[in-house]
Amino acid sequence: IEKFPFGPDALGFKGEDRLAVFVSLAVPGDEVEAVWTRKMKSYGWARIEKLLKPSPHRQEPPCPLFKQGCGGCQWQMANYGYQLEAKKAVVAESFQRIAKIPADSLPLEACVGMQDPWRYRNKIQLPLQRTEDGRLIWGFFERYTHKIVELKDCPVHLKLFDEPLAKIKPLL
């Protein structure tokens, strides 16, 4: 796996033709066996079947909702320092691809990180969905679906959301 492009999946290349493969939950530097989930003529999407060699940037995702498929965050399987590097690279590549400005001629500085990369998100949108047993739940969409991963506690949004959400939930 070579890089994080814009979006949630990592990008690798397969075979001598270097067919572009977007791999869900992969981290640049991973060596994986992957299974196609959708294949087009010159690119496709895959999921990891087997992690052969983990990237040095890979970490265990800290959020339990991420492990349940929550799509509220994209790159928790990569350590925070690497996420910052990848975001800078995405910006540089976008300027090069879209505006034809060479990445090495851009005055891009390193992304400024946070001391603690948790409890920072100051805007959340929580879709509602009725479960099969009739309960009304809210949360974030599961990756690649419109199914809701029920939100009990999100370690990314500001703590100040917790009290109002707890007061609203019984009224639904």
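Refer to the structure printed above.
Thresholds applied
- Residues numbered from 1 in each chain as written.
- Predicted model: local features only at pLDDT ≥ 70, side-chain atom pairs only at ≥ 80, totals over all residues.
- Heavy atoms only, no water.
- Disulfide = S-S within 2.5 Å.
- Buried < 20%, exposed > 50% of the residue type's maximum accessible area, 1.4 Å probe, protein only.
- Core = buried A, V, L, I, M, F, W, Y, C linked by side-chain atoms within 4.5 Å.
- Helix = DSSP H or I, 4+ residues; strand = E, 2+ residues; numbered from the N terminus.
- Contact = heavy atoms within 4.5 Å.
- Pairing = 2+ DSSP bridges.
- Axes fitted to C-alpha atoms, helices over the stretch in contact; angles between N-to-C directions.

Student: What am I meant to see in the state of the cysteines here?
Tutor: Structurally, a disulfide amounts to a covalent bond that connects the sulfur atoms of two cysteines. Evaluation of the coordinates by the stated rule reveals zero disulfides. Looking at the unpaired Cys-70, the closest cysteine sulfur is the one in Cys-63, lying at 6.3 Å. A relative accessible area of 6% places Cys-70 in the buried class. Looking at the unpaired Cys-154, the closest cysteine sulfur is the one in Cys-63, lying at 5.9 Å. Judged by its relative accessible area of 5%, Cys-154 falls in the buried class.

Student: How should I be thinking about the nonpolar core in this particular structure?
Tutor: Side chains that are nonpolar tend, in soluble globular proteins, to be buried together. Counting 28 residues, the largest nonpolar core has Phe-4, Leu-126, Phe-140 and Leu-151 as its most contacted members. Sorting the residues of this core by element identifies strand E2 (19-24), helix H1 (64-67), helix H2 (80-99) and strand E6 (136-141) as the ones contributing at least two each. Ranked by residues supplied to this core, first place goes to H2 with three residues. Aside from chain neighbours lying at most four places away, what touches Leu-151 is Leu-65, Leu-126, Trp-138, Gly-139, Phe-140, His-157 and Lys-169.

Student: What am I meant to see in the sheet that holds strand E3 (residues 31-39) here?
Tutor: Within a sheet, adjacent strands bond to each other through the backbone by hydrogen bonds, running parallel or antiparallel. Reading across the sheet, the four strands line up as E1-E2-E4-E3 and stay open at both edges, with mixed pairing between neighbours. Among the strands making up the open sheet, the edge pair consists of strand E1 (10-14) and E3. The mean angle between the axes of side-by-side strands here comes to 45°, regardless of whether they run parallel or antiparallel. Here E3 pairs with strand E4 (residues 43-53) via eight bridges, running antiparallel.

Student: Honestly, the sheet that holds strand E7 (residues 148-150) in this entry has me stumped. Any pointers?
Tutor: In space, the three strands of this open sheet follow the order E5-E6-E7, with antiparallel pairing throughout. The open sheet has two free edges, formed respectively by strand E5 (128-130) and E7, since each of these has just one partner strand. Here the strands of the sheet are splayed against their neighbours by 60° on average, with no regard to which way each runs. Judged from the three bridges that link them, E5 and E6 form a sheet pairing that is antiparallel. When the bridges of E6 are listed, Leu-128 appears paired with Trp-138.

Student: Honestly, unusual backbone geometry in this entry has me stumped. Any pointers?
Tutor: For residues besides glycine, phi is generally negative; the peptide bonds are generally trans as well. Unlike most non-glycine residues, Arg-18 shows phi in positive territory, near 55°. With a relative accessible area of 45%, Arg-18 lands in the partly exposed category. A positive phi angle, close to 60°, is found at Lys-100, a residue other than glycine. Relative to the helices and strands, Lys-100 resides in the loop between H2 and E5. The exposed category is assigned to Lys-100, whose relative accessible area is 64%.

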